[in-house]
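Tertiary structure, described
Residues per chain, in single letters:
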Amino acid sequence: MTVIRTLTFKLLLPEGGRAALISTMKAYTAAFNESSRWGFENHTYNKFRNHTATYGHVRESVPDLPSSLVQSARDCACDALKVVKCKRLPERIPLAAMRYNQRVITVNLIHGIATIASVRGRIKSTFTIPEHCKKYLHGVIKSSTLSYRKQSRQFFLHIQLEFPSPELITEPLTTLGIDRGIVNIAVCSDNTFFNSKPVKNTRAKYTRLRSQLQSKGTRSARRKLRVVAGRERRFVTDVNHCISKQIVNSSYTVFALEDLSKIRVQKRRGREFNRRLNNWSFYELEQFIRYKAEELGKQVILVDARYTSQKCSVCGHTYKGNRNGSDFRCRKCGFKLHADLNAARNIAQAGISCLSRLTCQPAECSVSLT
Ligand SMILES: [Zn+2]
């Protein structure tokens, strides 16, 4: 088994480097469009036929584009045609990200140097390697992609690295249940609540700002809204990174989460909140926990999300009225607890029973975790 990670670096380009790469992207798009048009008109996504028909002409129209990139543009065009089954003409945004194969880019991850082919020859660029990326540098480079962000006028290099995944910890198997929510971002079955005051305040600030801007509805308000949304997204991502790191670095070796793909989250949590943001951020937290756990040889399991908030974690009595906002009180045995914590304990229990089912199965049998 292997693990794949994508690292992103901001490129520091020499004088004239940015202009050269922008011209390269435009030439690449021109080559792409020519190949895709031919494929669309002749109703084929065959790369070989496309090559024979268009190569000479493309070389003439973009003479400075390295031939490897001409081929890459043609391959991308054929792949795009295949996706739409040649029913419409695939088009490329002029400054969309470009994939570089190893022949047209050399990346040195030790010294932070990338030599990138362009319409004006090879461009030597440098990049700084952030501290948190250093543990990945021993991986094997699988692919490199160059992207351009118009707003900041910056080029970025995305490098996909592959390395063997660490061995799975099987002894001991200790399960932590994690309940994701709106009021508390995450509550763990070991009584940890992730909802610090600064996070709460910042989130409230964004919610207020968003609703103010939405009610205004002017053009400048919409523009401001986009900027604010981006800032909020980065804030949430940062929070998710911190929480997942703390969770994964605990002594537990198995993390149980609700399978949210099967349930409408907002239904049980109330409608008042911006569900789009939450669905997305719940999923992001899950992804972060998953990949951080994977690196440590720990597991993540998804459990059935139904009734986790209504069920009593002591006697198992399931009743809608057991829960009232953040309070949980069992109508049968009288057990009282914070509702999210009760849910987290149910998730942990479901995770443990899931796990025992799994270990009882013969190795070659595939088991669905839900
Ligand atoms: Zn009970």
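All values derive from a computational prediction rather than experimental measurement.

**Structural notes on the overall build of the chain**
A tally of helices and strands in the chain yields eight helices and 15 strands. With the C-alpha coordinates aligned to their principal axes, the bounding extent of the chain is approximately 80 × 60 × 45 Å. Per-residue burial for the chain yields a buried fraction of 43% across its 370 residues. Sequence separation of 24 or more characterises 68% of the internal contacts of the chain that already satisfy a separation of 6 or more. For the chain, the computed accessible surface area is about 20900 Å², with 52% contributed by carbon and sulfur atoms. A distance of 8 Å separates the average location of the 63 positive side-chain charges in the chain from that of its 27 negative side-chain charges.

**Comments concerning helix α3 (residues 67-83)**
In a regular helix each residue adds 1.5 Å, so 17 residues correspond to 24 Å; α3 covers 24 Å between its end C-alpha atoms and thus fits that length. Taken together, the buried positions of α3 are occupied by Ser68, Leu69, Val70, Ser72, Ala73, Arg74, Ala77, Cys78 and Leu81. Looking at the buried side of α3, the elements it contacts are α1 (17-41), α2 (47-61), β2 (98-100) and β4 (113-118). Of the residues one or two after α3, lysine 85 is the one with positive phi, at around 55°.

**Comments concerning the coordination of the zinc ion**
Bound to the zinc ion on the protein side are Cys312 (SG), Cys315 (SG), Cys330 (SG) and Cys333 (SG), at distances that span 2.2 to 2.3 Å. Taken in sequence order, the residues that donate to the zinc ion follow the motif C-x2-C-x14-C-x2-C. A relative accessible area of 1% places cysteine 312 in the buried class. Judged by its relative accessible area of 36%, cysteine 315 is partly exposed.

**Concerning the sheet that holds strand β13 (residues 323-324)**
Reading across the sheet, the three strands line up as β13-β14-β15 and stay open at both edges, with antiparallel pairing between neighbours. Each edge of the open sheet is held by one strand with a lone partner, namely β13 and β15 (336-338). Both β13 and strand β14 (residues 327-329) contribute to a ladder of two bridges, which runs antiparallel. Of the residues in β14, the one forming a bridge with arginine 323 is phenylalanine 328.

**Topic: the packing of α1 against α2**
Packing of α1 against α2 brings their axes to within 10 Å, and their N-to-C directions diverge by 145°. Seen along the crossing, α1 lies across α2 with a hand that is right-handed. Contacts between α1 and α2 involve Ala31, Glu34, Ser35, Trp38 and Gly39 from the first element and Arg49, Asn50, Ala53, Thr54, His57, Val58 and Ser61 from the second. In terms of residue class, the contact of α1 with α2 is built from four nonpolar, six polar and two charged.

**A closer look at the domain arrangement of the chain**
Domain annotation for the chain reports domain 1 (2-12 + 101-164), domain 2 (17-98) and domain 3 (175-360). Put simply, the middle of domain 1 and the middle of domain 3, counted by C-alpha atoms, are 34 Å apart.

**Considerations on the pattern of salt bridges**
All chains considered together, the criterion is met by 12 salt bridges. Measuring nitrogen to oxygen at the nearest pair gives 2.7 Å for the salt bridge that ties aspartate 304 to arginine 306. By relative accessible area, aspartate 304 is classed as partly exposed at 39%. Several salt bridges converge on common partners, so that one network encompasses Arg5, Lys135, Glu294 and Glu295.

Each value, and the rule that gives it
Residues numbered from 1 in each chain as written. Predicted model: local features only at pLDDT ≥ 70, side-chain atom pairs only at ≥ 80, totals over all residues. Heavy atoms only, no water. Helix = DSSP H or I, 4+ residues; strand = E, 2+ residues; numbered from the N terminus. Buried < 20%, exposed > 50% of the residue type's maximum accessible area, 1.4 Å probe, protein only. Contact = heavy atoms within 4.5 Å. Areas by Shrake-Rupley, 256 points an atom, 1.4 Å probe, with all protein chains shown as cover. Lys, Arg positive; Asp, Glu negative; His and termini not counted. Charge placed at Lys NZ, Arg CZ, Asp CG, Glu CD. Expected span 1.5 Å × (residues − 1). Donors = N, O, S within 2.8 Å, 3.2 Å for Na, K, Ca; no water. Pairing = 2+ DSSP bridges. Axes fitted to C-alpha atoms, helices over the stretch in contact; angles between N-to-C directions. Left-handed = near helix turned anticlockwise from the far one by under 90°. Nonpolar A, V, L, I, M, F, W, Y, C, P; charged D, E, K, R; others polar. Domains from an automatic or database assignment. Salt bridge = Lys/Arg side-chain N within 4 Å of Asp/Glu carboxyl O.

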